[in-house]
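# Descriptive structure summary
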Amino acid sequence: MAQKILRNVTHCIFDMDGLLLDTERIYEEITRQIAGTYGRPYPEAVRFRVMGTTEQRSAEIAVGECEIPISVNDFLQRYHKLCGERLKNVPLLEGAERLLRHLHTNKVPFALATSSGADMVEVKTTHHRELFSLFNHKVCGSTDNEVKNGKPAPDIFLVAASRFADKPKPGNCLVFEDSPNGVEAGNSAGMQVVMVPDERLSQERCAHATKVLRSLQDFKPEEFGLPPFSN
């Protein structure tokens, strides 16, 4: 059941993969490639279980569910090598730059809360350094010692909120996500959640977001009490 929209947002927290950067399709292709090396399929249902989780947890799910006959560490080594080769020129998704620059111009604090590790974030933002420098701070779930549990646990969003200088209450934070795991994490943190889901996800898997959008281009800040776009 979707939450009621509350016009009390003062801070925003963004996921990255599949929301700001068009990386999820590449992750899917890489995992399918590794699984295919051993004659194993990579079912869509497993793909959606992996979305939003830490790199370690994603590897555990992929290796276990797809019965890939290698260790999780070996999988991660191959995965990181392929990611390093393919993620340096990843494009921004529709509406991402417009929204981030709008928030920055209007002095709305915003943070990044990604399940990726810090090194992977550096690789993926290679051509978007200036834009990503606008974030107040970045929480990289796979390498941040304060994030004890990955999504769907709320840890990453609570840590992200705690690092704003004025320590906003969870109820004043708006999370932007693309995965059911991320939505669950945001809800568990006591935050409102805008979801931009993979088009293959069922309506049922998106039902717990406060608002579901086709892309960030469709976001209306004023619905949450934020300054409206001027164009």
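Residues numbered from 1 in each chain as written. Predicted model: local features only at pLDDT ≥ 70, side-chain atom pairs only at ≥ 80, totals over all residues. Heavy atoms only, no water.

Turning next to the overall build of the chain. The number of helices and strands found in the chain is nine helices and six strands. The C-alpha radius of gyration computed for the chain amounts to 17 Å, which stays within 12% of the reference 17 Å derived for 231 residues, consistent with globular compactness. For the chain, the spread of C-alpha atoms along the principal axes amounts to about 50 × 40 × 35 Å. Buried positions account for 53% of the 231 residues belonging to the chain. (Helix = DSSP H or I, 4+ residues; strand = E, 2+ residues; numbered from the N terminus. Rg over C-alpha atoms; globule rule 2.2 N^0.38 Å. Buried < 20%, exposed > 50% of the residue type's maximum accessible area, 1.4 Å probe, protein only.)

Turning to the pairing of strand 5 (residues 192-195), a few remarks are in order. Of the two faces of strand 5, both are covered, the one formed by Q192 and V194 as well as the one formed by V193 and M195. Judged from the four bridges that link them, strand 4 (residues 173-177) and strand 5 form a sheet pairing that is parallel. Counterpart to E177 in the pairing with strand 5 is M195. Of the crossover connections in this fold, the one passing from strand 4 over helix 9 (residues 180-188) to the parallel strand 5 is right-handed. In this structure, strand 5 lies alongside strand 6 (residues 211-212), joined through two bridges in parallel fashion. In the strand pairing of strand 6, M195 is matched with V212. (Pairing = 2+ DSSP bridges. Right-handed = clockwise from strand over helix to strand, strands pointing away.)

Next up on the list: the packing of aromatic side chains. As enumerated under the stated definition, the model contains nine aromatic pairs in all. With a centroid separation of 6.2 Å and an interplanar angle of 80 degrees, the aromatic rings of F14 and F110 are classed as edge-to-face. One end of the pair, F14, is in strand 1 (residues 11-14); the other, F110, is in strand 2 (residues 110-114), with 96 residues separating them in the sequence. There is no split in this pair, since F14 and F110 are both buried. Among the aromatic residues, ring-to-ring pairing joins F14, F110, F132, F135, F176, F219 and F224 into one connected group. (Phe/Tyr/Trp six-rings, centres within 6.5 Å; stacked < 30°, edge-to-face > 60°.)

Within the structure shown, the criterion is met by zero disulfides. Just so you know, C66 is unpaired, no disulfide at all, and the nearest cysteine sulfur is the one on C83, 15 Å from it. (Disulfide = S-S within 2.5 Å.)

The next thing to look at is empty space enclosed by the protein. Across all of its chains, the model carries one cavity of 30 Å³ or more by this definition. Of the volumes computed, that of the largest cavity is approximately 300 Å³. Broken down by element, the residue count for the lining of the largest cavity peaks at four residues, all from helix 3 (residues 55-65). Residue composition of the lining of the largest cavity, by class: ten nonpolar, eight polar and seven charged. If you count residues domain by domain, the lining of the largest cavity takes at least three from each of domain 1 (11-22 + 90-224) and domain 2 (23-87). (1 Å grid on protein atoms, 1.4 Å probe; cavity = no way out; pocket = protein on both sides within 12 Å on 5 of 7 lines; lining within 4 Å. Points joined across faces, edges and corners; volume = space filled by probe spheres on them. Nonpolar A, V, L, I, M, F, W, Y, C, P; charged D, E, K, R; others polar. Domains from an automatic or database assignment.)

Two numbers describe how helix 3 lies on helix 4 (residues 72-86): the axes approach to 9 Å, and their chain directions differ by 110 degrees. Relative to helix 4, the element helix 3 lies roughly perpendicular. Crossing handedness for the pair helix 3 and helix 4: right-handed. Note on element contacts: helix 4 touches helix 3 through V72, F75, L76 and H80, opposite E55, Q56, A59, E60, A62 and V63. (Axes fitted to C-alpha atoms, helices over the stretch in contact; angles between N-to-C directions. Parallel < 35°, antiparallel > 145°, perpendicular 65-115°, else oblique. Left-handed = near helix turned anticlockwise from the far one by under 90°. Contact = heavy atoms within 4.5 Å.)

Here six strands make up an open sheet; going across it, the order is 3-2-1-4-5-6 and the pairing parallel. The two strands at the open ends of the sheet, each matched to only one other strand, are strand 3 (138-140) and strand 6. Contacts from helix 9 reach strand 4 and strand 5 within the one sheet, and its direction differs from that of strand 5 by about 165 degrees.

On to the packing of helix 1 (residues 24-37) against helix 4, then. Axis separation between helix 1 and helix 4 bottoms out at 10 Å; the angle between their running directions is 135 degrees. As far as their axial angle goes, helix 4 and helix 1 are oblique. Between helix 1 and helix 4 the crossing geometry is right-handed. Residues I26, Y27, E29, I30, T31, Q33, I34 and T37 of helix 1 form the contact with helix 4, whose participating residues are F75, R78, Y79, L82, C83 and R86. Residue composition of the contact of helix 1 with helix 4, by class: eight nonpolar, three polar and three charged.

So yeah, pure geometry; function would need other evidence.
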